[in-house]
Amino acid sequence: MRIWILFLLSLGACQKRTDADWRTDYEKSNFLETPRYEKTMEYLRRLEDASPWVKIKYFSTSTQGRKNPLVIVDKRRQFKPREIHEDGRVIILVQAGIHAGEIDGKDAGMMLIRDMLINHKNEDILDNVVLLFMPFFNVDGHERFGAFNRINQNGPKEMGWRVTSQNYNLNRDYMKADAPEMRDWLQKFHVWKPDLFIDCHVTDGADYSYVVTYAIDETYNLTPDVQSWTKRYVVALNDSMRQAGFPMSPYVNLVNDKNIRDGLSGGVAQPRYSTGYLTLNNRPALLLETHMFKDYKSRVEGTYQTILHTMRFMSDNASSLRDAVLKGDLENSHLTGKNIPVDFATDSATALKFDGYKFHYEKSVASDDSIVVWEKGEQVYDLKYYDQVHTTSAADAPYAYIIPQQWTSVIDVLKAHDVKMKRLKKNATLSVHSFQFSNAKWASTPFEGRLMVSFDSKETREEREFIAGDYVVAMNQSVGKIILNLLEPNAPDALIRWGFFNTIFEQKEYGEAYKLEELARSMLKDSTIKREFENQLKNDKAFASNSFARFNWFYQRSPYWDQNVNRYPIAKIMTKEGLPK
């Protein structure tokens, strides 16, 4: 009997040690710390060794030489996107650490995978859902570890840094794709084409009672069936999270930083952001923002519950989601002839009950201004939530765009976005729609490494010559909205606005004053030219006092002027018949 008792005691001790071994480093730290890169990878590799449902693949090597993992959890052990989609299952991509100081998603994701595979909790979800987990997209920023990286954030004790080792904010880079990490991400995304996306963040801003806030586009950038599915998902997620003890609020973007009573601003995310990019690809995309002032344990648990309940809803509604995105992909490959919105603004509000805190104002000793001081007394606010959007700019989708082959940097970006292109086989003069620009102005300081440009534009029709090897980008592909938003100059994240075409705004040839004086005297014999010049002198004092501008005025109207200045190199071919056979 004594031997049997000792055996049972030793078995229990072994079981306890086994259970303890599967605690994450975050849990072992009493929920106060997040592990570094090597410790994180060690735990993920243990999960891979312990379960045939896990496969770790590396989608990139960072600029500092770290391998960046993509963790695939697939109950059927297929680990290939085509096989998964053919099964009718759906894929969720959970992205953590794009801002590596905001690292809640990493610890939540590791625990969720552990609980499903080792503790067998909610593993039935994996019958219909495949999980792609990215623990730290910004892997180099993750290793810029420190206690003072996020002044507003309550834990963990140490954390990573917001941007990459090249100082790129990856969550501004989805369209221009300057960062090598983003080029690799895009390649992997277009291979897997996940059906739903969650991007895990920690918010800045006001104080309030919610642990979890969110933003999600349910409007124009999604096709109707995906819009409908997304609306049902948002309702279900809010209900599930409330029952789990984490009531949610829309992302707290204050209309007025000093007075929450003025309401919250919603709207459509521009495609430079992760969720804006995903919606252009016709995928539901949830921006998850836990609240900076809440303790780390609460934030990680809120993130865990959001991912879990999202996967549960996906599992229960897998076929309808799959049908919606497939139908939407087909619709997005038939945009030709349609007027497609490319920029938006909010114009009206819905009512929102908001569980916030009281506040008062105090005089700042630093800024000589008043500052908001949040109190812990709860306050329910009846707010206006400005989430109703209207289109401020739209573009007529052509049959194809044509890009002169010398614009290699633009071609490279399109390739990164999985855009398919063909090349002209011979020289051709084509009837196209083109753009002429004026009043170009550059930002005074760089944004994400680039001086962005604004301009006025005029769309015109003309005959233009193109040569063999120029690229034809047809719109009949599922990334049609990505193409449109990269190449239409009035789209907010068009490549021209990011400075990819800055040289077209430069005058490269000039005339000597004595020759331009001869030109001006000759041209002023024309009464129409004379009247226009006099009106310009009368109405523009800066022009009148600038001798170079006055000479250049005549030069610009002469046959010597370079017609390619301010002219968009990319042209639109509106119908298939406009292309050479």
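Given the structure is predicted, the values throughout are model-derived calculations rather than measurements.

Draft legend 1. Spatial organisation of the environment of Asn152. Within the secondary structure layout, Asn152 lies in the loop between helix H6 (139-142) and helix H7 (180-192). Sequence separation between Asn152 and Met292 is 140 residues, and the spatial gap between their C-alpha atoms is 6.4 Å. A polar atom in the side chain of Asn152 sits 3.4 Å from the side chain of Asp204.

Draft legend 2. Structural detail: the environment of Val71. For Val71, the location among the structural elements is in strand E2 (residues 67-73). For Val71, a relative accessible area of 1% corresponds to the buried category. For the pair formed by Val71 and Asp493, sequence separation is 422 residues and the distance between their alpha carbons is 30 Å. Setting aside its immediate chain neighbours within four residues, Val71 contacts Leu44, Val54, Lys55, Ile56, Ile113, Leu131, Leu132, Phe133 and Pro135.

Draft legend 3. Expanded view of the nonpolar core. Trp185, Ile403, Leu487 and Phe501 are the most contacted members of the largest nonpolar core, which has 67 residues in total. For Leu487, the contacting residues outside a window of four places in its chain are Tyr401, Ile403, Val410, Leu414, Tyr568 and Ile570. By size, the runner-up hydrophobic cluster in this structure holds 62 residues, among which are Tyr37, Leu196, Ala236 and Met314.

Draft legend 4. The arrangement of the sheet that holds strand E8 (residues 264-265) in detail. An order of E8-E11-E10 is seen for the three strands of this open sheet, with the pairing classed as mixed. Sheet topology places E8 and strand E10 (339-363) at the edges, where each strand pairs with a single neighbour. Note that E8 and strand E11 (residues 370-396) share two bridges and pair parallel. Within the sheet, the bridge partner assigned to Ser265 lies in E11 and is Tyr386.

Draft legend 5. Representation of the side chain of Asn138. With respect to the element layout, Asn138 can be found in the loop between strand E4 (129-134) and H6. Here the side chain of Asn138 touches Arg162 through a polar contact of 3.3 Å, landing on its backbone oxygen. When sequence neighbours within four positions are dropped, the list of residues in contact with Asn138 reads Gly97, Ile98, Ala100, Trp161, Arg162, Val163, Thr164 and Leu170.

Draft legend 6. Fine view of the pairing of strand E6 (residues 212-216). Within E6, four of the five residues are buried, leaving the element largely enclosed by the surrounding structure. Pairing geometry for E6 and strand E7 (residues 248-250), over three bridges, is parallel. Each residue of the ladder has a partner; that of Tyr214, found in E7, is Pro250. Since E6 and E7 lie parallel, the crossover through helix H8 (residues 224-243) that links them has a hand, and here it is right-handed.

Draft legend 7. The arrangement of empty space enclosed by the protein in detail. This structure, assessed with the given rule, holds one cavity of 30 Å³ or more. Size it by volume and the largest cavity reaches roughly 60 Å³. Taken together, Phe59, Leu70, Leu93, Leu132, Met134, Trp185, Lys188, Phe189 and Trp192 form the lining of the largest cavity. Of all the secondary-structure elements, those providing two or more residues to the lining of the largest cavity are E4 and H7. Counting residues per element, the lining of the largest cavity draws most heavily on H7, which supplies four residues. Looking at the lining of the largest cavity residue by residue, the classes come out as eight nonpolar, no polar and one charged.

Draft legend 8. Highlighting the packing of helix H14 (residues 513-523) against helix H17 (residues 547-556). At a minimum axis distance of 9 Å, the contact between H14 and H17 shows a crossing angle of 60°. Considered as vectors, H14 and H17 are oriented oblique to each other. By crossing handedness, the relation of H14 to H17 is classed as left-handed. Across the interface between the two elements, Ala513, Leu516, Glu517, Leu519, Ala520 and Met523 from H14 touch Phe551, Phe554 and Tyr555 from H17.

Draft legend 9. Broad picture of unusual backbone geometry. Looking along the chain, the bond that leaves Gly155 and enters Pro156 is cis, with omega of 0°. Mapped onto the secondary structure, Pro156 falls in the loop between H6 and H7. Positive phi, close to 60°, is recorded for Asn122, a residue that is not glycine. Locating Asn122 in the fold gives a position in the loop between helix H5 (104-117) and E4. Residue Asn122 is classed as partly exposed on the basis of its relative accessible area, which comes to 28%. The phi dihedral of Asn282 is positive, around 65°, even though this residue is not glycine. Inspection of the secondary structure assignment puts Asn282 in the loop between helix H9 (274-280) and strand E9 (285-291). Residue Asn282 is classed as buried on the basis of its relative accessible area of 0%.

Draft legend 10. Geometry of the pattern of salt bridges. Under the definition given, this model contains 36 salt bridges. Asp178 serves as the salt-bridge partner of Arg450, at 2.8 Å between the closest nitrogen and oxygen. Residue Arg450 is found in the loop between strand E14 (428-442) and strand E15 (453-466), and its partner Asp178 is found in the loop between H6 and H7; the two are separated by 272 residues along the sequence. Across this residue pair, the class does not change: Arg450 and Asp178 are buried. In this structure, Lys353 and Asp382 form a salt bridge, with 2.8 Å as the shortest nitrogen-oxygen distance.

Each value, and the rule that gives it
Residues numbered from 1 in each chain as written. Predicted model: local features only at pLDDT ≥ 70, side-chain atom pairs only at ≥ 80, totals over all residues. Heavy atoms only, no water. Helix = DSSP H or I, 4+ residues; strand = E, 2+ residues; numbered from the N terminus. Polar contact = N/O pair within 3.5 Å; in protein donor to acceptor, adjacent residues only side chain to side chain. Buried < 20%, exposed > 50% of the residue type's maximum accessible area, 1.4 Å probe, protein only. Contact = heavy atoms within 4.5 Å. Core = buried A, V, L, I, M, F, W, Y, C linked by side-chain atoms within 4.5 Å. Pairing = 2+ DSSP bridges. Right-handed = clockwise from strand over helix to strand, strands pointing away. 1 Å grid on protein atoms, 1.4 Å probe; cavity = no way out; pocket = protein on both sides within 12 Å on 5 of 7 lines; lining within 4 Å. Points joined across faces, edges and corners; volume = space filled by probe spheres on them. Nonpolar A, V, L, I, M, F, W, Y, C, P; charged D, E, K, R; others polar. Axes fitted to C-alpha atoms, helices over the stretch in contact; angles between N-to-C directions. Parallel < 35°, antiparallel > 145°, perpendicular 65-115°, else oblique. Left-handed = near helix turned anticlockwise from the far one by under 90°. Salt bridge = Lys/Arg side-chain N within 4 Å of Asp/Glu carboxyl O.

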